[in-house]
Amino acid sequence: MNEQRILQIRRSIAAARLQEENERSLQKHITLKLPSLHKSISLPENNTVEALINFVTCYIEHVPDFIKAIKELTYEAGIYDFTKQFINIAEDYFLVSSEQTEEDYKGLQALIDDAYLAHRLIEELSDRLMMVAGIPLAPMDMTMSNVLIHEILGEGFANELDLAVHYSIETLFKPESFEKNEKFVNYVNKRRLEGWKQDLQQWPCLAGDSFFSLDRKCLNDIKVVH
């Protein structure tokens with residue numbers, strides 16, 4: 001496993017936070033987006049923009065912790081070789097920035113789409129494994145967080161990102177490589193027998209939806225209601 005790539009992601013996030021302090025790009029973006037957010041999203045009446053900024057920051061900062069946990073979990077289970085191509089893509093979203101992103105966006109705003117792509121890719125991979133084996137890749141559920149970020153990005157742009165994720169999954173995911181692999185079968189059987197308690201203790205960032213399980217100061221006041 002390449003720890004250097006995760007370190008690079010952490011550094012890019014730290015640099016974006018410093019730039020955000022000067023540019024306030026994320027603050028400006030959220031202020032503009034706020035009136036158009038879907039009515040199903042319930043936001044605090046006071047300090048709404050600040051709450052959303054804290055949420056987006058947590059969502060972005062969750063990515064390297066999340067990827068590191070997935071790497072270690074799959075490596076210890078002996079199935080890393082079957083998931084590393086997807087993990088590498090999730091990392092590349094941060095490490096290979098497009099020229100458009102660099103020119104048009106600054107600070108944390110420039111990383112929202114990268115974080116969304118990474119989270120959505122892992123979410124889709126987990127869903128595909130659920131279809132194949134009846135269990136997810138890990139006990140995380142990013143659905144609610146991704147719904148809110150989808151709204152913040154905007155319907156058109158977010159849909160384009162979803163298509164990119166869908167293309168990667170359709171191109172690379174081979175159900176037979178999991179179904180016929182002894183190590184993966186053993187992994188599935190172990191999870192069905194033992195559950196996830198030990199893994200959640202080791203990697204708390206996998207617990208539930210980051211919408212609820214990240215830093216409480218940035219998540220308590222925001223709810224998505226179906």
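None of the values given here were measured: they were computed from a predicted structure.

Thresholds, definitions, all that
Throughout this document, residue positions are counted from 1 along each chain, in the order its sequence is written. Given that this is a predicted model, residues contribute local features only at a pLDDT of at least 70 and side-chain atom pairs are listed and counted only at 80 or more, while totals for whole chains, interfaces and linings are drawn from all residues. In computing side-chain values, all of the structure's heavy atoms are included and hydrogens and water are not. Comment: elements are numbered from the N terminus, with helices defined as DSSP H or I runs of at least four residues and strands as E runs of at least two. Burial classes: relative accessible area under 20% of the type maximum marks a residue as buried, over 50% as exposed, and values in between as partly exposed (1.4 Å probe, protein chains only). In what follows, a contact means two residues having at least one pair of non-hydrogen atoms within 4.5 Å. All accessible-area figures derive from a Shrake-Rupley calculation using a 1.4 Å probe, and residue coverage is judged against the displayed protein chains alone. Pairing of aromatic side chains here covers Phe, Tyr and the six-membered ring of Trp, requires ring centres within 6.5 Å, and sorts the geometry by plane angle: under 30 degrees stacked, over 60 edge-to-face, intermediate tilted. It is the directions from the helix axis to the C-beta atoms whose arc is reported. Only buried residues count toward a nonpolar core, which is a set of Ala, Val, Leu, Ile, Met, Phe, Trp, Tyr and Cys residues joined through side-chain atoms within 4.5 Å. A residue's pLDDT is simply how confident the predictor is in it, with values from 0 to 100.

Asks: How should the overall build of the protein be read in this particular structure?
Replies: Scanning the protein from terminus to terminus reveals 13 helices and two strands. Looking at the 226 residues of the protein, the share that counts as buried comes to 50%. Within the protein, residue pairs in contact and separated by at least 24 positions form 80% of the contacts whose partners lie at least 6 positions apart. Only carbon and sulfur atoms are counted for the fraction: they give 49% of the accessible area of the protein, which is about 11600 Å².

Asks: Is there a simple way to think about the environment of Ile13 in this case?
Replies: On the secondary structure map, Ile13 appears in helix 1 (residues 3-23). Looking at Ile13, the relative accessible area reads 4%, which means it is buried. Along the chain, Ile13 and Glu61 lie 48 residues apart, while their C-alpha atoms are 6.9 Å from each other. With residues near it in sequence (within four places) discarded, Ile13 still touches Ile60, Glu61, Pro64, Phe94, Leu108 and Leu111.

Asks: Explanation requested: the packing of aromatic side chains in the structure shown.
Replies: Here the distance between the centres and the angle between the planes together describe a pair of aromatic rings. If you walk through the whole model with that rule in mind, you get five aromatic pairs. For the pair Phe86 and Phe173, a centre-to-centre distance of 6.5 Å together with 50° between the ring planes defines the contact as tilted. You can see Phe86 sitting in helix 4 (residues 80-95) and its partner Phe173 sitting in the loop between helix 8 (155-172) and helix 9 (175-179), a full 87 residues away along the chain. For the pair shown, Phe86 and Phe173 are each scored as buried. Taken together, the ring pairs connect Phe184, Tyr187 and Trp196 into an aromatic cluster.

Asks: Teacher, can you tell me more about the environment of Ala118 here?
Replies: Examined against the element boundaries, Ala118 turns out to sit in helix 6 (residues 112-133). On the basis of relative accessible area, Ala118 is assigned to the buried category, the value being 4%. Note: C-alpha distance between Ala118 and Glu91 (27 residues apart in sequence) is 7.1 Å. Residues contacting Ala118, with those up to four places away along its chain left out, are Val63, Ala90, Tyr93 and Phe94.

Asks: Explain helix 2 (residues 25-33) to me, please; I cannot follow it from the model alone.
Replies: Three or four residues apart is the spacing at which side chains of an α-helix point the same way, because the helix has 3.6 residues per turn. Buried within helix 2 we find Ser25, Leu26, His29 and Ile30. Projected onto a plane normal to the axis of helix 2, the buried residues spread over an arc of 125° and lie on a single side. Looking at helix 2, the residues exposed on the side facing more than 90 degrees away from the buried face are Lys28 and Leu32.

Asks: Before we go on, may I ask you to explain unusual backbone geometry in this structure?
Replies: With the exception of glycine, most residues fall at negative phi, and the peptide bonds are largely trans. The backbone of Arg24 sits at a positive phi, close to 55°, despite the residue not being glycine. Relative to the helices and strands, Arg24 is located in the loop between helix 1 and helix 2. Assessed through its relative accessible area of 41%, Arg24 is described here as partly exposed.

Asks: Would you mind going over the nonpolar core with me for this structure?
Replies: One recurring pattern in soluble globular proteins is that nonpolar side chains are buried together. Formed by 62 residues in total, the largest nonpolar core has its most connected members in Val56, Ile60, Phe94, Ile149 and Leu206. Elements that contribute at least two residues to this core include exactly helix 1, helix 2, helix 3 (48-77), helix 4, helix 6, helix 7 (143-153), helix 8 and helix 10 (182-194).

Asks: Just to check I follow, could you spell out the confidence of the model for the protein for this structure?
Replies: Predicted coordinates in areas of low pLDDT are best not read in detail. When pLDDT is averaged across the protein, the result is 82; 86% of the residues are at 70 or more. Helix 12 (residues 210-213) is the least confidently modelled element of the protein, averaging 40 in pLDDT, while helix 8 averages 92, the highest of any element. Predicted confidence is poor over residues 98-102, with pLDDT under 50, and the contacts of this stretch with residues over four places away or in other chains come to four contacts. Here residues 210-219 is modelled with pLDDT under 50, and outside its nearest four sequence neighbours on either side it reaches 29 contacts, counting other chains as well.

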